[in-house]
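Here's the letter readout for the chains.
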Amino acid sequence: MGNELWLALAIVFIIEGIMPMLMPKQWQQMLTVITQQPADKVRKCAGCLVVTGVVLLFML
């Protein structure tokens, strides 16, 4: 299980780094829009992402 965890973490780092590397200005604009949103809206969106990730993890 240890190798799979490191592999998953590596994939997350790659995916998280692609957008700022390829389109830094658009990525900064997106972050500006997100920071202007109410905290509850950001929390709900993040919660949906976490639930989706957990469901996908158990499906695999």
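Worth saying up front: this structure is predicted, and the values here are computed from it rather than measured.

1. Details of the overall build of the protein
Point 1. If you tally the helices and strands in the protein, you get three helices and zero strands.
Point 2. Taken from N to C terminus, the helices and strands of the protein fall in the order α-α-α.
Point 3. In summary, the protein has a C-alpha radius of gyration of 15 Å against a globular reference of 10 Å for 60 residues, an excess of more than 25%.
Point 4. Projecting the C-alpha coordinates of the protein onto the three principal axes gives extents of approximately 40 × 30 × 15 Å.
Point 5. Residue burial in the protein is summarised as follows: out of 60 residues, 0% are buried.
Point 6. Total accessible area computed for the protein in this model is approximately 5800 Å², and 75% of it derives from carbon and sulfur atoms.

2. Quick look at a nonpolar patch on the surface
Point 1. Side chains of Ile-14, Ile-18, Met-19, Met-21, Leu-22, Met-23, Trp-27, Met-30, Leu-31, Ile-34 and Val-42 sit close together on the surface and give an oily, nonpolar patch of about 980 Å² of accessible area.
Point 2. Elements represented by at least two residues in the nonpolar patch include exactly α1 (2-22) and α2 (24-35).
Point 3. A total of five residues in the nonpolar patch trace back to one element, the largest contributor, which is α1.
Point 4. Exposure remark for Met-30: the relative accessible area of 41% places this residue in the partly exposed category.

3. Observations concerning helix α3 (residues 39-59)
Point 1. With 21 residues, α3 extends 30 Å between its outermost C-alpha atoms, agreeing within 8% with the 30 Å of an ideal straight helix rising 1.5 Å per residue.
Point 2. Along α3, only zero of the 21 residues are buried, which leaves the element largely exposed.

4. Things to note about the pattern of salt bridges
Point 1. A complete count under the given rule lists one salt bridge for this structure.
Point 2. Between Asp-40 and Arg-43 there is a salt bridge, and its shortest N-O distance comes to 3.2 Å. Of this pair, Asp-40 and Arg-43 are both found in helix α3, three residues apart, which corresponds to roughly one turn of the helix.
Point 3. Asp-40 sits in the partly exposed class, given a relative accessible area of 48%.

5. Examining the confidence of the model for the protein
Point 1. Averaged over every residue, the pLDDT of the protein is 91; residues scoring 70 or more account for 98%.
Point 2. When mean pLDDT is taken per element in the protein, α2 scores highest with 94 and α1 scores lowest with 90.

Each value, and the rule that gives it
- Residues numbered from 1 in each chain as written.
- Predicted model: local features only at pLDDT ≥ 70, side-chain atom pairs only at ≥ 80, totals over all residues.
- Heavy atoms only, no water.
- Helix = DSSP H or I, 4+ residues; strand = E, 2+ residues; numbered from the N terminus.
- Rg over C-alpha atoms; globule rule 2.2 N^0.38 Å.
- Buried < 20%, exposed > 50% of the residue type's maximum accessible area, 1.4 Å probe, protein only.
- Areas by Shrake-Rupley, 256 points an atom, 1.4 Å probe, with all protein chains shown as cover.
- Patch = residues over 30% accessible without salt bridge, like charges linked within 9 Å, V, L, I, M, F, W, Y side chains within 5 Å.
- Salt bridge = Lys/Arg side-chain N within 4 Å of Asp/Glu carboxyl O.
- Expected span 1.5 Å × (residues − 1).
- pLDDT = per-residue confidence, 0-100.

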